[in-house]
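Residue-level structure breakdown
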Amino acid sequence: MASTKKALVLSGGGGRGAYHIGVFEALVDQGWMADGSAPDIIAGTSIGAINAAALASGHTINELKNFWLGMRTETVHRLSNDLPLVTRPLLRFLLRSVLTSGPIDESQKLPDEDRNLSAQGLFSRLATLFHARPFRSLLDTTPWRQTLSSWIDIERINSPTAPALLLAATELQSGALRVFSNRRLCDPQTDAYSEPDYITLDHLMASASIPIVYPWTAIDQGKYWDGAVLANTPLEPVLDLAYAEGDTDVDILVVMMTPWNADPAAIRAQTRQLPEDLVQALSLTLDWTLLASYRVAFEMLEHRNHLAEAAIKLRRAAQQMSDDSLLLTGRSFRPVALPTVIAPEQLMPLDWIIDYEPKNHEKLFKMGKADAERALAQR
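Residues numbered from 1 in each chain as written. Predicted model: local features only at pLDDT ≥ 70, side-chain atom pairs only at ≥ 80, totals over all residues. Heavy atoms only, no water.

Describing the packing of aromatic side chains
- Evaluation of the coordinates by the stated rule reveals 6 aromatic pairs.
- Look at W144 and Y356: their rings are 6.1 Å apart centre to centre, the planes differ by 50°, and that puts the pair in the tilted class. Of this pair, W144 sits in helix α8 (residues 142-148) while Y356 sits in the loop between β10 (340-342) and α14 (358-377); the two residues are 212 residues apart in sequence, bridging distant segments of the chain.
- On the basis of an interplanar angle of 75° and a centroid distance of 5.2 Å, the ring pair of F180 and Y224 is categorised as edge-to-face. Placement of F180 in strand β6 (residues 177-181) and of Y224 in strand β8 (residues 222-226) is noted, with a sequence separation of 44 residues between them. The exposure classification of F180 matches that of Y224, with both residues buried.
- Three or more aromatic residues link up through ring pairs in this structure, and these residues are F67, W68, W144, W151 and Y356. (Phe/Tyr/Trp six-rings, centres within 6.5 Å; stacked < 30°, edge-to-face > 60°. Helix = DSSP H or I, 4+ residues; strand = E, 2+ residues; numbered from the N terminus. Buried < 20%, exposed > 50% of the residue type's maximum accessible area, 1.4 Å probe, protein only.)

Details of the pairing of strand β1 (residues 3-10)
- Both β1 and strand β2 (residues 41-45) contribute to a ladder of 4 bridges, which runs parallel. Each residue of the ladder has a partner; that of V9, found in β2, is A43.
- Handedness of the crossover is the feature at issue here: the chain leaves β1, passes through helix α1 (residues 18-29), returns alongside β2, and the resulting connection is right-handed. (Pairing = 2+ DSSP bridges. Right-handed = clockwise from strand over helix to strand, strands pointing away.)

Observations regarding the packing of α1 against helix α2 (residues 47-56)
- In the contact formed by α1 and α2, the axes pass within 10 Å of each other and the chain directions differ by 40°. Classified by the angle between their axes, α1 and α2 sit oblique to one another. Considering only the axes of α1 and α2, their crossing is right-handed. Note on element contacts: α2 touches α1 through I47, G48, N51 and L55, opposite H20, I21 and F24.
- Here the contact of α1 with α2 is built from residues that sort into 4 nonpolar, 3 polar and no charged. (Axes fitted to C-alpha atoms, helices over the stretch in contact; angles between N-to-C directions. Parallel < 35°, antiparallel > 145°, perpendicular 65-115°, else oblique. Left-handed = near helix turned anticlockwise from the far one by under 90°. Contact = heavy atoms within 4.5 Å. Nonpolar A, V, L, I, M, F, W, Y, C, P; charged D, E, K, R; others polar.)

Topic: the environment of S149
- Its place among the elements puts S149 in the loop between α8 and α9 (154-157).
- The exposure class of S149 is partly exposed, given its relative accessible area of 46%.
- Through-space distance from the C-alpha of S149 to that of T200 is 9.8 Å; in sequence the pair is 51 residues apart.
- Only 2.5 Å separates the side chain of S149 from the backbone oxygen of Q146, close enough to count as a polar contact. (Polar contact = N/O pair within 3.5 Å; in protein donor to acceptor, adjacent residues only side chain to side chain.)

Thoughts on the nonpolar core
- One finds L8, F24 and W68 to be the most contacted residues of the largest nonpolar core, which totals 58 residues.
- No other element matches the 8 residues that α2 contributes to this core.
- The next biggest cluster of nonpolar side chains, apart from the first, holds 27 residues, and it includes A43, V179, L235 and L291. (Core = buried A, V, L, I, M, F, W, Y, C linked by side-chain atoms within 4.5 Å.)

Some points on α1
- Between its first and last C-alpha atoms α1 spans 17 Å; for 12 residues at 1.5 Å apiece the expected length is 16 Å, and the two agree.
- Burial runs high along α1: 10 of the 12 residues are buried.
- Taken residue by residue, α1 has A18, Y19, H20, I21, G22, V23, F24, E25, A26 and L27 as its buried positions.
- Positioned one or two residues after α1, G31 has a phi angle of 80°, which is positive. (Expected span 1.5 Å × (residues − 1).)

Re helix α3 (residues 61-69)
- Within α3 the residues assigned to the buried category are I61, L64, K65 and W68. End-on view of α3: buried residues confined to an arc of 100°, all on one side of the axis. Along α3, exposed side chains directed more than 90 degrees from the buried face belong to N62 and N66.
- Of the surrounding secondary structure, the elements contacted by the buried residues of α3 are α1, α2 and α14. (Arc of directions from axis to C-beta.)

With respect to the environment of Y356
- For Y356, a relative accessible area of 4% corresponds to the buried category.
- Sequence-wise, Y356 and R72 are 284 residues apart; in three dimensions their C-alpha atoms are separated by 5.1 Å.
- At 3.3 Å, the side chain of Y356 forms a polar contact with the backbone nitrogen of G15.

Focus: the pairing of strand β5 (residues 164-171)
- Within β5, 8 of the 8 residues are buried, which leaves the element mostly enclosed by the surrounding structure.
- Neither face of β5 is exposed, since A164, L166, A168 and T170 on one face and L165, L167, A169 and E171 on the opposite face are all buried.
- Direction of pairing for β2 relative to β5: parallel, over a ladder of 5 bridges. Bridge pairing in β5 places T45 opposite A168.

Structure below.
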């Protein structure tokens, strides 16, 4: 009888990542995994990669909650020092909601040096930013790296007893998906296996390096951006890894932070309030990008199952007719049970992607737990 592996796939979503912790709590309560332990395979992208590594580090639910409640926007990012000096006061004003976890003073005015500029003068100042060379990012994530150093047990997640950990990133100069893992992975193009990666903070930062907003991360000879550009929910490598070790089944839970199968009319009703500033516009763009990425991954899995079913029928026909030419060539697949998706029913506030505030995190803990309980009850 085939054994069953458990796999947890965590999507990106910035400051909304506290939602994952509520999901973890429900999974422990329901007996799907043990507190302070992790399932067989954990895959993540962006903040999902960071929470995956934190879970693989052996932290309990209470410890993870305390980490998130102790986080502030200032411990994640700050205005980049690479920006031209002349643009920094203006950008500090425009991005003020991104740079502090405290309440925003709506009466705050433009800096004195920018307040009396003509429209042409303001555009000229911003043009300095767009023509800055070299340009890496708007924000600097040095604080985030320092924060994560107290979260992640590097030695533990690279030990032989650690769960399989997969972190998705995008290779900046080729656009290729790169999955870093503490296990050997099969290259779908060559069927050759790679050596395991020794996972470090660089790999986590690479998966969470939002293009333009955060700087890319250099690892060996490559430079990497956020994995959500290509694979917000990397299902294919999870399946390849699960089946590489023998005759197993896999129970996959996917955690999204955007309603993934809601009626379009209901979603439109929730987005009647259009983005009011640059940050909200970028947040909504990210929402739809993440959602589209998962839909593609889900369709891939359905196509994979159709191919597996066709291969089984052709194998039977080949046996009955003693004609091996009927067999499919290339990689062989086996049918896979579709993942259980844990996701909110309503869109989260746009600002929560870049707000790292305890009051939001408390709400997200509760949302994640309730949504997980609902999804598990419907299995």
